[in-house]
Amino acid sequence: MDIQLKRGLLDVCVLAAIKDKDSYGYRIIKDMKPYLELSESTLYTILKRLETAGMLTVHTAEHDGRLRKYYHITDSGLRRIEEFKEDWKEMLSIYRFVVKEDENE
């Protein structure tokens, strides 16, 4: 898969993981696990990139005596998810065009 396409897909997946509720790294990985494997190092690279892009914010809270970073999606992040949904419709249309040739064989 094209690396830029994959990067964009993973970004949207991480945003979707925190869309409804603030979350932290381990929880995000656990929530995504049924759908895709994501290493901690990859996740934290994505989270930093999304924070820099203004698509999420970070706050620290104490949990069981330790500080934990929680990630919160911003309006920009929510817009990115909606843009992805629209882009995906076009991608599905292209996919259907490409595979129709396979179906005719």
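Our subject is the structure that appears above.
About the criteria used
Residues numbered from 1 in each chain as written. Predicted model: local features only at pLDDT ≥ 70, side-chain atom pairs only at ≥ 80, totals over all residues. Heavy atoms only, no water. Buried < 20%, exposed > 50% of the residue type's maximum accessible area, 1.4 Å probe, protein only. Helix = DSSP H or I, 4+ residues; strand = E, 2+ residues; numbered from the N terminus. Arc of directions from axis to C-beta. Contact = heavy atoms within 4.5 Å. Axes fitted to C-alpha atoms, helices over the stretch in contact; angles between N-to-C directions. Parallel < 35°, antiparallel > 145°, perpendicular 65-115°, else oblique. Left-handed = near helix turned anticlockwise from the far one by under 90°. Nonpolar A, V, L, I, M, F, W, Y, C, P; charged D, E, K, R; others polar. Pairing = 2+ DSSP bridges.

Draft legend 1. Representation of helix 2 (residues 25-32) in the model. For helix 2, every residue scored as buried is listed here: Gly-25, Ile-28, Ile-29 and Met-32. Looking straight down helix 2, one finds that the buried residues subtend no more than 95° of arc, so they occupy a single side. Among the structural elements, helix 1 (3-17), helix 3 (40-52) and strand 2 (66-73) are those in contact with the buried residues of helix 2.

Draft legend 2. Main features of the packing of helix 2 against helix 3. Two numbers describe how helix 2 lies on helix 3: the axes approach to 10 Å, and their chain directions differ by 110°. Classed by the angle they form, the pair helix 2 and helix 3 counts as roughly perpendicular. Handedness of the crossing formed by helix 2 with helix 3: right-handed. Counted together, Gly-25, Tyr-26, Ile-28 and Ile-29 of helix 2 and Glu-40, Leu-43, Tyr-44 and Leu-47 of helix 3 form the full contact between these two elements. Residues that form the contact of helix 2 with helix 3 fall into these classes: 6 nonpolar, 1 polar and 1 charged.

Draft legend 3. The pairing of strand 1 (residues 56-63), seen in detail. Across 8 bridges, strand 1 lies against strand 2 in antiparallel orientation. Pairing of Ala-61 across the sheet is with Arg-68, part of strand 2. Between strand 1 and strand 2, which pair antiparallel one after the other, the connecting turn spans 2 residues, and Asp-64 there sits at a positive phi close to 50°.

Draft legend 4. Geometry of the packing of helix 1 against helix 3. Look at helix 1 against helix 3: their axes get within 10 Å of each other, and the N-to-C directions meet at 80°. Here helix 1 lies roughly perpendicular to helix 3, going by the angle between them. Note on element contacts: helix 3 touches helix 1 through Leu-43, Ile-46, Leu-47, Arg-49 and Leu-50, opposite Arg-7, Leu-10, Asp-11, Val-14 and Leu-15.

By themselves these figures say nothing about function.
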